[in-house]
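# Structure at a glance
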Amino acid sequence: MATLVAPPAGGSTGGKPKEKKSQEEIAAEFQQLRNQQRNLVNNLNTIEMDLKEHKTVIDTLKTVESSRKCFRLIGGVLVEQTVEVVLPQLELNKAQLEKLIEEGKEQITKKGLEINQFKDEHNIKVRGQEPSQPAGSEKEESAADEKSSGNRNVLVGNL
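Residues numbered from 1 in each chain as written. Predicted model: local features only at pLDDT ≥ 70, side-chain atom pairs only at ≥ 80, totals over all residues. Heavy atoms only, no water.

With the rule as written, the count across this model stands at one aromatic pair. For the ring pair Phe-30 and Phe-118, a centre distance of 6.4 Å and an interplane angle of 15 degrees mean the geometry is stacked. Taken as a pair, Phe-30 in helix α1 (residues 23-61) and Phe-118 in helix α2 (residues 83-122) lie far apart in primary sequence, 88 residues in all. By relative accessible area, Phe-30 is classed as buried at 2%. (Phe/Tyr/Trp six-rings, centres within 6.5 Å; stacked < 30°, edge-to-face > 60°. Helix = DSSP H or I, 4+ residues; strand = E, 2+ residues; numbered from the N terminus. Buried < 20%, exposed > 50% of the residue type's maximum accessible area, 1.4 Å probe, protein only.)

All right, on to α2 then. Between its first and last C-alpha atoms α2 spans 57 Å; for 40 residues at 1.5 Å apiece the expected length is 58 Å, and the two agree. Once α2 finishes, Asn-123 follows within two positions and takes phi at roughly 50 degrees, a positive value. (Expected span 1.5 Å × (residues − 1).)

All right, on to the nonpolar core then. In terms of nonpolar packing, the biggest core is built from seven residues, these being Ile-58, Leu-61, Cys-70, Val-83, Val-86, Leu-87 and Leu-90. Sorting the residues of this core by element identifies α1 and α2 as the ones contributing at least two each. Top contributing element to this core by residue count: α2, with four residues. (Core = buried A, V, L, I, M, F, W, Y, C linked by side-chain atoms within 4.5 Å.)

Let us now look at the pattern of salt bridges. Counting across every chain of the model gives four salt bridges. With a closest N to O distance of 3.6 Å, Glu-80 and Lys-69 form a salt bridge. With Glu-80 in strand β3 (residues 77-82) and Lys-69 in strand β2 (residues 69-74), this residue pair connects regions lying 11 residues apart in the sequence. Note on Lys-69: relative accessible area 27%, which makes it partly exposed. (Salt bridge = Lys/Arg side-chain N within 4 Å of Asp/Glu carboxyl O.)

Compared with an ideal rise of 1.5 Å per residue, which puts 39 residues at 57 Å, α1 spans 57 Å between its outermost C-alpha atoms and is within 8% of the ideal. Along α1, the positions that sit buried rather than exposed are Ile-26, Phe-30, Leu-33, Arg-34, Leu-44, Ile-47, Leu-51, His-54, Ile-58 and Leu-61.

Below is the structure:
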């Protein structure tokens, strides 16, 4: 885990509002900002996986007759419908997911700027960050995504 280094507490006591917070409070607030950013990234990854699944299903349904039965899971309930009913709904959902992804990326960027500003204001230095750790976990996640996406099936029945 990273070690935070806060400015020395015994420096000047000129009454600046920045120095009223203790080192522990500053570190806790910084960690909270980083956790918020991690949560945003996790949510974005989930939405991106949903988008990938929607694209796979849409591509599959485009190859079958529009009058064929298909089954869709809605709120934990399996619903029988036809391809011509489901396909437009999925395409609408896909467009909404793409919009959410763009908004999520903007939020992550804003949170990153907020974190950097906080670091600059409080002279925070982060030690012990290893760039190889996140890269390794991303490779493992993408490999897991490729494996799981290959096992996804769309259930399409005959009339």
